[in-house]
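Working through the structure, step by step
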Amino acid sequence: MKRVKLYIAMSLDGYISTPDGSIEFLNKVEGEGDNGYLAFYSTIGTVVMGSLTYDWILRHARVFPYAQRRCYVMTSKERMNNANVTFTQQSPAELVTQIQQDSERDIWLAGGAKLVESFLQADLVDEMILTIAPVVLGEGIPLFSERVPMSDWKLIQTQNYNQFVELTYKKEE
């Protein structure tokens, strides 16, 4: 069974961006190489993201960074598919079932916070890979909202990338 993996970076105080959606704070931290990104990305067959994350990528990237993978954007609005993404209004459970039938590799939840919330509420996340930046933002968009249900996780790996620390957790059965 293909696993659903949350792979995301955040500040020490749990924010994935500043209030205006900026992730520039991550670029100010001294990392190491690609901070493990390519090793992670090689395990992924499908990328799933929310529409705010997709729109942010379109504004900030010169080329779509996930063109080499199947990519779904979850949205509540009708949008036209394009060469890089399929827009979907399916529930997280319906989408995961479909992807698991079609993909040979794991599924990456690339963000944002609302998407993470919906997948955790549906109990669909198998693994969390959280990269912690040594920055306290004080405010911003939190990774986990108050609406995320309680769940138990087991730490299975830690990795340092200079000033970043990557924590990998698996869902407790």
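Residues numbered from 1 in each chain as written. Predicted model: local features only at pLDDT ≥ 70, side-chain atom pairs only at ≥ 80, totals over all residues. Heavy atoms only, no water.

1. Some words on the nonpolar core
If you look at the biggest cluster of nonpolar residues, it comprises 27 residues, and the most contacted ones within it are Leu-6, Val-48, Leu-109, Phe-119, Val-125, Leu-130 and Leu-143. Among the secondary structure elements, those contributing two or more residues to this core are β1 (4–11), β4 (70–74), α4 (92–102), β6 (106–111), α5 (113–121) and β7 (127–133). Residues contacting Val-125, with those up to four places away along its chain left out, are Val-4, Leu-6, Leu-109, Phe-119, Leu-120, Trp-153 and Lys-171. (Core = buried A, V, L, I, M, F, W, Y, C linked by side-chain atoms within 4.5 Å. Buried < 20%, exposed > 50% of the residue type's maximum accessible area, 1.4 Å probe, protein only. Helix = DSSP H or I, 4+ residues; strand = E, 2+ residues; numbered from the N terminus. Contact = heavy atoms within 4.5 Å.)

2. Describing the UniProt feature "domain: Bacterial bifunctional deaminase-reductase C-terminal" (unreviewed entry) in the protein
When the UniProt feature table is mapped onto this chain numbering, "domain: Bacterial bifunctional deaminase-reductase C-terminal" (unreviewed entry) sits at residues 4–161. Span residues 4–161 is 25% helix and 32% strand, its end C-alpha atoms 23 Å apart. (UniProt positions renumbered as here; feature names shortened; annotations may be inferred.)

3. Considering the pairing of β4
The buried fraction of β4 amounts to 4 of the 5 residues, a majority that puts the element mostly inside the structure. When strand β3 (residues 44–50) meets β4, the two strands line up parallel, connected through 5 bridges. The partner of Val-47 across the bridge, within β4, is Cys-71. In this sheet, strand β5 (residues 86–88) lies alongside β4 in parallel orientation, the contact comprising 3 bridges. Paired with Val-73 across the bridge in β5 is Phe-87. (Pairing = 2+ DSSP bridges.)

4. Details of the sheet that holds β4
The strand order across the open sheet built from 8 strands is β5-β4-β3-β6-β1-β7-β10-β9, with neighbouring strands paired in mixed fashion. In this open sheet, the two strands that pair with only one neighbour each are β5 and β9 (153–161). With direction set aside, neighbouring strand axes in the sheet form an average angle of 25°. With 3 bridges connecting them, β1 and β6 associate as parallel partners. Its bridge partner lying in β6, Lys-5 is registered against Trp-108. On top of the sheet, helix α3 (residues 51–60) reaches β3, β4, β5 and β6; it is set at about 100° to β3, its chief contact. (Axes fitted to C-alpha atoms, helices over the stretch in contact; angles between N-to-C directions.)

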